[in-house]
Amino acid sequence: MPSGLSLSAAIAKVSAPATAPAPADSPSTLWQALGEWRLFALAACVKLLLLPSYKSTDFEVHRNWLAITHSLPISKWYYEDTSEWTLDYPPFFAWFEWSLSQIAKFFDPNMLDVSRLGYASNQTVLFQRLSVMATEAVFYAGILRLLRAIKTPPHLFGMLLALVFLNPGILFVDHIHFQYNAFMYGIQLFSVARAIRQNKHILGGILFAVVLNFKHIYLYQAPAYFVYLLAGYCFTGRFRFSFARLIGLGLAVVAVFAVSFGPFAPHLLQVLSRLFPFKRGLCHAYWAPNFWALYSFADRALLQVLRILGKSVPAQTASLTRGLVGDSTFAILPNIAPSTTVILTVLSQLPILAKLWFQPTPDKFLDALILCGFGSYMFGWHVHEKAILLILIPLSVVAVKSARHARLFSVLSISGYFSLFPLLFEQQELATKVLVLALFAMFAVHFVGSATRPFALGRLERVYIAGFVPLCVYTEVAHGMVFGSERLAFLPLMITSVYTAVGIVYGWIQMYAVALS
């Protein structure tokens, strides 16, 4: 595979850290540290080319949050509703937006006016794009720290750094679609690195509490932290429990929440109502490719079979076929209540949490993080497709742990990142997303394969991966040529969701098989 080899070699050369020993006070030490950031600098230069790319409504969401936090007293931050894009992230993220606004005013103060809905001057676009790139340094630093914490062999360090940092998901979601996910994943990676180090468990818990107060989606992985810290830190022996450690850990975490929510104490119920809006339906407008996507598809398929057989069918079946956000109504299969998704999510996490309880090691902690994220993604209520990053980022870190890890990563990463294609739906982004995923897939499969020999994808896995080529051609090009832009508009989304869900469900099953073996 010459092309894959040359691509991997080039990336390894750029991303490999300097390893020559040097005294701590030597100028070469600083030079070596800067050398580790070559990949970050190179990637930043490429990302500058994406400044004029398509931006989603999330761009206006974050501009509005800049305006809210800059222009209004904190007592009104979680009440302001001039825009439909109200502030619905935890307080630390609100303060993050406030911090950015102190710089944004030097680019274009008009972007900080709450009444200027949809404002997107060139200066505003430039500032928001650059702020994503700058804060991504936390993500890069977090990867470096975690790879060292797990004692990554030097010959794999640079390639794993590239595998995690150059993932297409962050590029698609943050740098084109527009969000600030990378720096929060960076904080989480720092928390994992500290949690698995001796005598650093409390700092790991504190950092996880910090990232929870930036974005509450990380709550899905809280059970893994809870079990790992309880079993691996609070229990000092098989039958010895340290209440002092438990109290110390608990006070540290509570302190973080007190700092975060303390200023909003008089408005706590309002803040919580923004963070947990339960009025949304089971499925997002574009079905996140999980168990519920397959469940929804099965319902649609059964409905069509009954129609063909001339059977009577319910009249109100539009909410899923049109992909609208709201109450999800199934035509044939039983409707799903939020409590059902909670129960299934918890049940899906119990096996790996039990394994972690009896074996609180760094390896099992990473497995539990991945599978707790997987459980919430597979069975959660109103899951967004972007939540796949909760799985793929930590999975990238252990992708070369064994040949079985390499196989499931190859299938899961391609299906997971392809599932983000509908986020970038304009034709001008087609070449970018296809090229980025194709290059990443070639690099990733070659790297994990060469690092975990003997490695070989199974026949069905190869056929499944090859199926993404006709899938891409149909959903991105052929459907519009045949049906136009309006007719059967939800069909390409449904096909993408169902096809990628097959790979993601397969990855979940395989990950559990590996983690419990």
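Owing to the predicted nature of the structure, the values given are computational and were not obtained by experimental measurement.

1. Describing the overall build of the protein chain
Turning to step 1, where the next piece is worked out: Within the protein chain, the secondary structure is distributed over 23 helices and zero strands.
Turning to step 2, where the next piece is worked out: Residue burial in the protein chain is summarised as follows: out of 517 residues, 53% are buried.
Turning to step 3, where the next piece is worked out: When contacts within the protein chain are restricted to residue pairs at least 6 apart in sequence, long-range pairs at least 24 apart make up 77% of them.
Turning to step 4, where the next piece is worked out: Counting every atom, the protein chain has about 22800 Å² of accessible surface; 68% of that belongs to carbon and sulfur.

2. Some details on a nonpolar patch on the surface
Turning to step 1, where the next piece is worked out: A surface patch of nonpolar side chains, amounting to about 450 Å² of accessible area, comprises L219, L268, L269, L272 and F276.
Turning to step 2, where the next piece is worked out: Mapped onto the elements of the fold, F276 is located in the loop between α13 (268–275) and α14 (291–308).

3. Thoughts on the environment of F483
Turning to step 1, where the next piece is worked out: Looking at the element boundaries, F483 is found in helix α22 (residues 468–483).
Turning to step 2, where the next piece is worked out: Here F483 is in contact with Y474 and L488, once residues within four sequence places are set aside.

4. Some words on the environment of G118
Turning to step 1, where the next piece is worked out: Tracing the chain through its elements places G118 in the loop between α5 (91–104) and α6 (122–149).
Turning to step 2, where the next piece is worked out: For G118, a relative accessible area of 52% puts it in the exposed group.
Turning to step 3, where the next piece is worked out: For the pair G118 and S83, spaced 35 residues apart in the sequence, the C-alpha separation amounts to 9.2 Å.
Turning to step 4, where the next piece is worked out: Dropping the residues within four chain positions of it, G118 is found in contact with E60 and R63.

5. Examining the pattern of salt bridges
Turning to step 1, where the next piece is worked out: Per the stated rule, a full pass over the model turns up 10 salt bridges.
Turning to step 2, where the next piece is worked out: Where E136 meets K47, a salt bridge forms, and the shortest distance between an N and an O atom there is 2.7 Å. A residue pair is termed long-range when its members are at least 10 positions apart, and E136 in helix α6 and K47 in helix α3 (residues 38–47) qualify at 89 residues.
Turning to step 3, where the next piece is worked out: On the basis of relative accessibility, which here comes to 2%, the residue E136 falls in the buried class.
Turning to step 4, where the next piece is worked out: Residue K401 is joined to D363 by a salt bridge in which the shortest nitrogen-to-oxygen separation is 3.9 Å. Taken together, the positions of K401 in the loop between α18 (389–397) and α19 (403–418) and D363 in helix α17 (residues 362–379) put the pair 38 residues apart, joining distant regions of the chain.
Turning to step 5, where the next piece is worked out: Owing to a relative accessible area of 42%, K401 belongs among the partly exposed residues under this scheme.
Turning to step 6, where the next piece is worked out: The class of D363 is partly exposed, set by a relative accessible area of 42%.

6. Notes on empty space enclosed by the protein
Turning to step 1, where the next piece is worked out: By the definition in use, this model includes three cavities of 30 Å³ or more.
Turning to step 2, where the next piece is worked out: Considered as a void within the structure, the largest cavity measures approximately 60 Å³ in volume.
Turning to step 3, where the next piece is worked out: In terms of lining residues, the largest cavity is bounded by L146, Y185, Q188, L189, V192, Q221, L366, L369, I393, P394 and V397.
Turning to step 4, where the next piece is worked out: Among the elements of the structure, α9 (182–195), α17 and α18 are those that each provide at least two residues to the lining of the largest cavity.
Turning to step 5, where the next piece is worked out: Among the elements that line the lining of the largest cavity, the one with the most residues is α9, at four residues.
Turning to step 6, where the next piece is worked out: Within the lining of the largest cavity, the residues separate by chemical class into nine nonpolar, two polar and no charged.

7. Topic: the confidence of the model for the protein chain
Caution applies to low-pLDDT regions: their predicted coordinates should not be interpreted in detail.
Turning to step 1, where the next piece is worked out: Confidence in the prediction of the protein chain, expressed as mean pLDDT, is 89, and 89% of residues score 70 or more.
Turning to step 2, where the next piece is worked out: Low pLDDT (under 50) marks residues 1–5, which in the prediction has four contacts with non-local residues, meaning those over four places away or in another chain.
Turning to step 3, where the next piece is worked out: In the predicted structure, residues 321–326 sits below a pLDDT of 50 and forms 13 contacts with residues beyond four places in sequence or in another chain.

8. Brief notes about the nonpolar core
Turning to step 1, where the next piece is worked out: One finds F139, L163, F365 and F374 to be the most contacted residues of the largest nonpolar core, which totals 153 residues.
Turning to step 2, where the next piece is worked out: Ranked by residues supplied to this core, first place goes to α17 with 11 residues.

9. Here's the deal with the packing of α5 against α6
Turning to step 1, where the next piece is worked out: Packing of α5 against α6 brings their axes to within 11 Å, and their N-to-C directions diverge by 125 degrees. With respect to each other, α5 and α6 are oriented oblique. Crossing geometry of α5 relative to α6 is assigned as right-handed. On α6, the residues that touch F96, L100, I103 and A104 of α5 are F127, S131 and T135.
Turning to step 2, where the next piece is worked out: Looking at side-chain class alone, the contact of α5 with α6 contains five nonpolar, two polar and no charged residues.

10. Points about the packing of α3 against α6
Turning to step 1, where the next piece is worked out: Running from N to C, α3 and α6 point in directions that differ by 150 degrees, and their axes come no closer than 11 Å. Our classification of the angle between α3 and α6 gives roughly antiparallel. Crossing hand, α3 versus α6: right-handed. On the side of α3, the interface is formed by L39, F40, A44 and K47, while α6 contributes M133, E136, A137 and Y140.
Turning to step 2, where the next piece is worked out: Its residues placed into classes, the contact of α3 with α6 shows six nonpolar, no polar and two charged.

11. Re the side chain of S415
Turning to step 1, where the next piece is worked out: Mapped onto the elements of the fold, S415 is located in helix α19.
Turning to step 2, where the next piece is worked out: Polar contacts involving the side chain of S415 include one to the main-chain carbonyl oxygen of V411, which spans 2.9 Å.
Turning to step 3, where the next piece is worked out: Sequence-distant contacts of S415, that is, excluding residues within four places in its chain, are made with Y464, F468, T500, G503 and I504.

12. Remarks on the side chain of E461
Turning to step 1, where the next piece is worked out: Residue position: E461 is located in helix α21 (residues 459–466).
Turning to step 2, where the next piece is worked out: Given the relative accessible area of 6%, E461 is considered buried.
Turning to step 3, where the next piece is worked out: Side-chain polar atoms of E461 contact the side chain of R407, separated by 3.0 Å.
Turning to step 4, where the next piece is worked out: Within polar-contact distance, the side chain of E461 engages the side chain of Y506 at 2.2 Å.

13. Focus on the environment of V227
Turning to step 1, where the next piece is worked out: Counting through the fold element by element, V227 comes out in helix α11 (residues 222–234).
Turning to step 2, where the next piece is worked out: On the basis of relative accessible area, V227 is assigned to the buried category, the value being 11%.
Turning to step 3, where the next piece is worked out: Along the primary structure V227 and F365 are separated by 138 residues, whereas in three dimensions their C-alpha atoms are 8.9 Å apart.
Turning to step 4, where the next piece is worked out: Look past the residues within four positions of V227 in its chain and what remains in contact with it is G232, L353, L356 and W357.

14. Some thoughts on unusual backbone geometry
Turning to step 1, where the next piece is worked out: Of note, the bond from R453 into P454 is cis; its omega dihedral lies within 30 degrees of zero at 0 degrees.
Turning to step 2, where the next piece is worked out: Looking at the secondary structure, you find P454 in the loop between α20 (430–451) and α21.
Turning to step 3, where the next piece is worked out: For K151, which is not glycine, the phi dihedral falls at a positive 55 degrees.
Turning to step 4, where the next piece is worked out: Residue position: K151 is located in the loop between α6 and α7 (154–165).

Reading guide: rules and limits
- Residues numbered from 1 in each chain as written.
- Predicted model: local features only at pLDDT ≥ 70, side-chain atom pairs only at ≥ 80, totals over all residues.
- Heavy atoms only, no water.
- Helix = DSSP H or I, 4+ residues; strand = E, 2+ residues; numbered from the N terminus.
- Buried < 20%, exposed > 50% of the residue type's maximum accessible area, 1.4 Å probe, protein only.
- Contact = heavy atoms within 4.5 Å.
- Areas by Shrake-Rupley, 256 points an atom, 1.4 Å probe, with all protein chains shown as cover.
- Patch = residues over 30% accessible without salt bridge, like charges linked within 9 Å, V, L, I, M, F, W, Y side chains within 5 Å.
- Salt bridge = Lys/Arg side-chain N within 4 Å of Asp/Glu carboxyl O.
- 1 Å grid on protein atoms, 1.4 Å probe; cavity = no way out; pocket = protein on both sides within 12 Å on 5 of 7 lines; lining within 4 Å.
- Points joined across faces, edges and corners; volume = space filled by probe spheres on them.
- Nonpolar A, V, L, I, M, F, W, Y, C, P; charged D, E, K, R; others polar.
- pLDDT = per-residue confidence, 0-100.
- Core = buried A, V, L, I, M, F, W, Y, C linked by side-chain atoms within 4.5 Å.
- Axes fitted to C-alpha atoms, helices over the stretch in contact; angles between N-to-C directions.
- Parallel < 35°, antiparallel > 145°, perpendicular 65-115°, else oblique.
- Left-handed = near helix turned anticlockwise from the far one by under 90°.
- Polar contact = N/O pair within 3.5 Å; in protein donor to acceptor, adjacent residues only side chain to side chain.

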